[in-house]
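If you want the building blocks of each chain, they are given just below.
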Amino acid sequence: DYMAPEGWNGQPMSAKSDSYSVGAMLYELFSGRAPFHDAPPGKWGLPNALKAHFEAHTGLAQGPYSTGDAVVDDLINALTHPDPEQRITFEEALQ
């Protein structure tokens, strides 16, 4: 649930991969729900949920998955963008 999309896709990992993991943990901390908590059970539930997230080109805290705080959502979305080129680093988040 916390691995960056590039890890799931077999691409090289980087510091931005770690940023994704931090963002996923922040999502759970602030929302009280694990990322992809509503993935259907079964062998393909989580992989299909991850694929949908990767293809949506948005972070984890969107729409019904909002934490209820726009500032927190913006931070989580910037850290968990599926495209590492569009994802901020953890260091950038702290500035």
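Whatever comes next refers back to the structure up there.
Summarised in this report is the structure supplied together with it.

One turn of the α-helix equals 3.6 residues, which is why residues spaced by three or four share an orientation. Its 17 residues place the ends of helix α2 (residues 15–31) 24 Å apart at the C-alpha level, agreeing with the 24 Å of an ideal helix rising 1.5 Å per residue. By the burial criterion, the buried members of α2 are S17, S19, Y20, S21, G23, A24, L26, Y27 and S31. Two or three places before K16, at the start of α2, stands the capping residue S14, its side-chain oxygen 3.2 Å from that residue's backbone nitrogen. Just downstream of α2 lies G32, where phi reads positive at about 80°.

Mapped onto the elements, S31 comes out in helix α2. Residue S31 is classed as buried on the basis of its relative accessible area, which comes to 16%. Among the polar contacts listed, one links the side chain of S31 to the backbone nitrogen of R33, at a separation of 3.1 Å.

One way to put it is that α2 packs onto helix α4 (residues 70–79) with a least axis distance of 8 Å and a crossing angle of 150°. With respect to their mutual orientation, α2 and α4 come out roughly antiparallel. Considering only the axes of α2 and α4, their crossing is left-handed. Touching S19, Y20, G23, L26, Y27 and F30 of α2 are V72, L75, I76 and L79, all from α4. Its residues assigned to classes, the contact of α2 with α4 shows 8 nonpolar, 2 polar and no charged.

The grouping of M3, W8 and M13 at the surface amounts to a nonpolar patch, some 310 Å² of accessible area in total. Judged by its relative accessible area of 49%, M13 is partly exposed.

What follows concerns α4. Within α4, burial applies to V72, D73, I76, N77 and L79. Burial along α4 is one-sided: seen end-on, the buried residues are contained in an arc of 160°. The exposed set on the far side of α4, more than 90 degrees from its buried face, consists of A70, V71 and D74. The elements touched by buried residues of α4 are α2 and α5 (90–94). Two or three places before V71, at the start of α4, stands the capping residue D69, its side-chain oxygen 2.9 Å from that residue's backbone nitrogen.

What counts and what doesn't
- Residues numbered from 1 in each chain as written.
- Predicted model: local features only at pLDDT ≥ 70, side-chain atom pairs only at ≥ 80, totals over all residues.
- Heavy atoms only, no water.
- Helix = DSSP H or I, 4+ residues; strand = E, 2+ residues; numbered from the N terminus.
- Expected span 1.5 Å × (residues − 1).
- Buried < 20%, exposed > 50% of the residue type's maximum accessible area, 1.4 Å probe, protein only.
- Polar contact = N/O pair within 3.5 Å; in protein donor to acceptor, adjacent residues only side chain to side chain.
- Axes fitted to C-alpha atoms, helices over the stretch in contact; angles between N-to-C directions.
- Parallel < 35°, antiparallel > 145°, perpendicular 65-115°, else oblique.
- Left-handed = near helix turned anticlockwise from the far one by under 90°.
- Contact = heavy atoms within 4.5 Å.
- Nonpolar A, V, L, I, M, F, W, Y, C, P; charged D, E, K, R; others polar.
- Patch = residues over 30% accessible without salt bridge, like charges linked within 9 Å, V, L, I, M, F, W, Y side chains within 5 Å.
- Areas by Shrake-Rupley, 256 points an atom, 1.4 Å probe, with all protein chains shown as cover.
- Salt bridge = Lys/Arg side-chain N within 4 Å of Asp/Glu carboxyl O.
- Arc of directions from axis to C-beta.

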